[in-house]
Amino acid sequence: MADLILKPNLAQADDVYADLLAAHEGLSKEDSDALNARLILILANHIGDRAVLRAALDAARTAAPAG
Amino acid sequence: MNKIFEIPLYPYTRSPDQDAQTPARRKVVIVGAGPIGLAAAIDLAQQGIEAIVLDDNDKVSFGSRAICFAKRPLEILDRLGCGQEMVDKGVVWNLGKVFFGDRKVYEFNLLPEEGHQRPAFINLQQYYFEEYLVNRARALESEGAPIELRGQNKVLKVTDRGDHTELLIDTPEGQYTLEADWLIACDGAGSPIRAMMGLDFVGRVFEDNFLIADVIMDADFPTERWFWFDPPFNKGQSALLHKQPDGVWRIDLQLGWDIDKEEEKKPENVIPRLKAMLGEDVKFDLEWVSIYTFQCRRMEKFRHNRVIFAGDSAHQVSPFGARGANSGLQDTDNLVWKLKMVIDGTAPDSLLDSYDAERVHGADENILNSSRSTDFITPKSETSRIFRDAVLDLSEKYEFARPLVNSGRLSVPCTYDGSPLNTPDALPGGPARTRPGAPCPDAPLGNGFLLGDLGDRFTLLTIDAEAPDTLDESGITVIRLALSGADDATGALAARYLGDAKSAVYLIRPDQHVAARWDSFDETATRAAIRRATGQE
């Protein structure tokens, strides 16, 4: 089972970030939320490993101060 | 013409017990003549145990109610002698379509595995299901089996007397007292017995209402299960269309929480909804309309000394996945052989505690599955709706998303992993699906099927292995069923019971669940497994 990668793993970090923003450009909040949800599901299926996904959920949950 | 559910099938007649000087004592009294109570009574009576069924009514279920019966309950009904009628009358279906908004996003085929006598599912109105069970009970009665149905017998009071339960019963001719060695409460989700005993029934309430309409129509809709998420004719809600016998169609429409139930049930409100769904030109008659809400909950314990709860009285699930009546039949399948052994004195009373352990496990599995279906069908927050809609949008284009669509995970029997009755697996290379605790999967056998040769007693199934023809242990006789992998040319028997093993010996319980398995016969180990499976060690 692969561990969740939390070290830098994107060779072109700025390009990837720009791709994300570009995909949302001009979308309403509603359409953006829907796009994000579809993207998460596609990526989750690609990862295909529940343990990694749970580690990712934990990492996401704990990365920002509790709201 | 009167519908079957309008005719009293077990009208009140006076029982000699009502005139007894001292209260009569009966072996097993069952409260509730629904599918579960009738199945329990038939199972007991055909094994020679006296079963008296009390019901405050005298007719089968009003309206279709439960309509979807899965393979495992059909196999149980085969053991009870009335599976064939159900399958002959029922509608077999395998195809489903899923719609989202105004478009079809995909279709699926259940693709049932080959080599089983029974189909994956049939649709059959609960009133037929009950009618066939009543017919079976009557046939047993006429053969002299100890079974009796007492209509319009309403239990008013239940008292635990330690070694028996005392019942005060009301009838059209007044009250009488009856004593039961054992009481099985199959009196439904609203169980009056449970309430009289002051027992808990906690869980999760789903704030939603569903309209069920059974319509009779000559329409050329195919025999498929159609499920709509957010359809134009029921915006923001869900809908289901499913075929039953006799040209009756089940329609389920989600209505939401804040509605006036009495108003919504009126034909003048129901009919326009159905026309919007079916089309203005489709001619139909309403057979039955009901509005239901549901909860997912269970009792903490199903056994309370000599009162045992089975079916909806013990656990309640949402209807998505057809896990209500289907799981209730698995309750009595699990209970009856144990109760018979305790009554016969061949097993200790504590064997019944394994009913609790195994069926609580089953109920938790059903509650988990049906809660998840409900959360998908009726999202509880904005974010859960966003994810739900994302899954549906993706499912149209990408196959990966289809397994995430959850319009009900259809009932499959549970494996009693971790049951105190199991002996640890000792068949290296054996298939996981037949591990100890699992229900035996069917397999073709010459002109028949394997499951017809199992059940009602302990069986030692040998496949390409030697063993004695019978084995007596602690008052239990185990009969061998000797097979060879070559007995089934399709290879299903070997695939399901041997896997990578060359030979196998299975100890199979009277409810067709695996208790233990080995690669060859070992007398000491087999004897220990029999004692373990009957609560004797």
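Everything below is about the structure shown above.
Note that the coordinates shown come from a computational prediction; the quantities given were computed from them, not determined experimentally.

Once that is clear, we can look at unusual backbone geometry. Residues and elements named next belong to chain B. Despite not being glycine, Asp246 shows a phi value in the positive range, around 65°. Mapped onto the secondary structure, Asp246 falls in the loop between strand S14 (238-244) and strand S15 (248-256). One non-glycine residue, Gln512, lies in positive phi territory at about 65°. The residue Gln512 is located in the loop between strand S25 (504-508) and strand S26 (514-518) in this model.

Let us now look at the packing of helix H8 (residues 325-344) of chain B against helix H9 (residues 351-377) of chain B. Residue and element names in this part refer to chain B. Where H8 meets H9, the axes come as close as 9 Å, and the angle between the chain directions of the two elements is 175°. Relative to H9, the element H8 is oriented roughly antiparallel. For the pair formed by H8 and H9, the contact residues are Ser327, Gln330, Asp331, Asn334, Leu335, Trp337, Lys338, Leu339, Met341 and Val342 on the first element and Leu351, Leu352, Ser354, Tyr355, Glu358, Arg359 and Asn366 on the second. Residues that form the contact of H8 with H9 fall into these classes: eight nonpolar, five polar and four charged.

Residues and elements named next belong to chain B. When you line up the elements, Arg480 lands in strand S24 (residues 476-483). Residue Arg480 is classed as buried on the basis of its relative accessible area, which comes to 19%. Of note is the side chain of Arg480, whose polar atom sits 3.0 Å from the backbone oxygen of Ala467. The residues touching Arg480, leaving out its near neighbours within four places in the chain, are Leu460, Thr462, Ala465, Glu466, Ala467, Pro468 and Asp469.

Residues and elements named next belong to chain B. Burial along strand S2 (residues 51-54) is two-sided: the face carrying Ala51 and Val53 and the face carrying Ile52 and Leu54 are both buried. Bridge count for strand S1 (residues 24-31) against S2 is four bridges, and the pairing is parallel. Looking across to S2, one finds that Ile30 is bridged to Val53. Where the polypeptide runs from S1 across helix H1 (residues 35-45) and back to S2, its parallel neighbour, the crossover connection is right-handed. Bridge count for S2 against strand S8 (residues 147-150) is four bridges, and the pairing is parallel. Opposite Ile52, over in S8, you have Glu148 as the bridge partner.

Another aspect to go through is the pattern of salt bridges. Residue and element names in this part refer to chain B. Evaluation of the coordinates by the stated rule reveals 50 salt bridges over all chains. Of the charged contacts in the structure, one is a salt bridge between Lys338 and Glu358, with a shortest N-O distance of 2.8 Å. Taken as a pair, Lys338 in helix H8 and Glu358 in helix H9 lie far apart in primary sequence, 20 residues in all. The two residues Lys338 and Glu358 agree in class, both being buried. Here the salt bridges share partners, and the residues they tie into one network are Asp43, Arg72, Glu75, Arg79, Asp333 and Asp456.

One full turn of an α-helix is made of 3.6 residues, so residues set three or four places apart face in the same direction. Given a rise of 1.5 Å per residue, 13 residues ought to cover 18 Å, and the 18 Å separating the end C-alpha atoms of helix H3 (residues 50-62) of chain A matches this to within 8%. At the N-terminal boundary of H3(A), the capping side chain belongs to A:Asp49, with an oxygen 3.0 Å from the backbone nitrogen of A:Ala51.

Reports of interface size often rely on the accessible area that becomes lost once the parts have come together. Chain A puts eight residues into the contact, and the matching count from chain B is eight residues. Roughly 740 Å² is buried in total at the junction of chain A and chain B, and carbon and sulfur atoms are behind 85% of that figure. For the interface between chain A and chain B, the tally reads zero salt bridges. Here chain A and chain B share zero residue pairs in polar contact (both at pLDDT 80 or more) between them. For the side of chain A that touches chain B, a count of residues per class yields five nonpolar, one polar and two charged.

Here we come to the sheet that holds strand S13 (residues 224-229) of chain B. Residues and elements named next belong to chain B. The sheet built from eight strands is open, its strands ordered S6-S5-S13-S14-S15-S12-S16-S19 with mixed pairing. Both edges of this open sheet fall to strand S6 (103-109) and strand S19 (315-316), since each of them pairs with a single strand only. Across 13 bridges, strand S12 (residues 202-217) lies against strand S16 (residues 284-298) in antiparallel orientation. Counted as the bridge partner of Phe210 is Tyr292 from S16. The strands touched by H9 within the sheet are S12, S13, S14, S15, S16 and S19, with S16 carrying the most contacts at an inclination of about 120°.

What follows is about the environment of B:Gly162. Residues and elements named next belong to chain B. Inspection of the secondary structure puts Gly162 in the loop between strand S9 (154-160) and strand S10 (165-171). Considered as a pair, Gly162 and Asp181 are 19 residues apart in the sequence and their alpha carbons are 9.6 Å apart. Not counting residues up to four positions away in its chain, the partners in contact with Gly162 are Asn305 and Arg306.

Calculation notes
- Residues numbered from 1 in each chain as written.
- Chains lettered and ligands numbered in written order.
- Predicted model: local features only at pLDDT ≥ 70, side-chain atom pairs only at ≥ 80, totals over all residues.
- Heavy atoms only, no water.
- Helix = DSSP H or I, 4+ residues; strand = E, 2+ residues; numbered from the N terminus.
- Axes fitted to C-alpha atoms, helices over the stretch in contact; angles between N-to-C directions.
- Parallel < 35°, antiparallel > 145°, perpendicular 65-115°, else oblique.
- Contact = heavy atoms within 4.5 Å.
- Nonpolar A, V, L, I, M, F, W, Y, C, P; charged D, E, K, R; others polar.
- Buried < 20%, exposed > 50% of the residue type's maximum accessible area, 1.4 Å probe, protein only.
- Polar contact = N/O pair within 3.5 Å; in protein donor to acceptor, adjacent residues only side chain to side chain.
- Pairing = 2+ DSSP bridges.
- Right-handed = clockwise from strand over helix to strand, strands pointing away.
- Salt bridge = Lys/Arg side-chain N within 4 Å of Asp/Glu carboxyl O.
- Expected span 1.5 Å × (residues − 1).
- Buried area = accessible area lost by both parts, 1.4 Å probe.

None of the figures reported here should be taken as evidence of function without further support.
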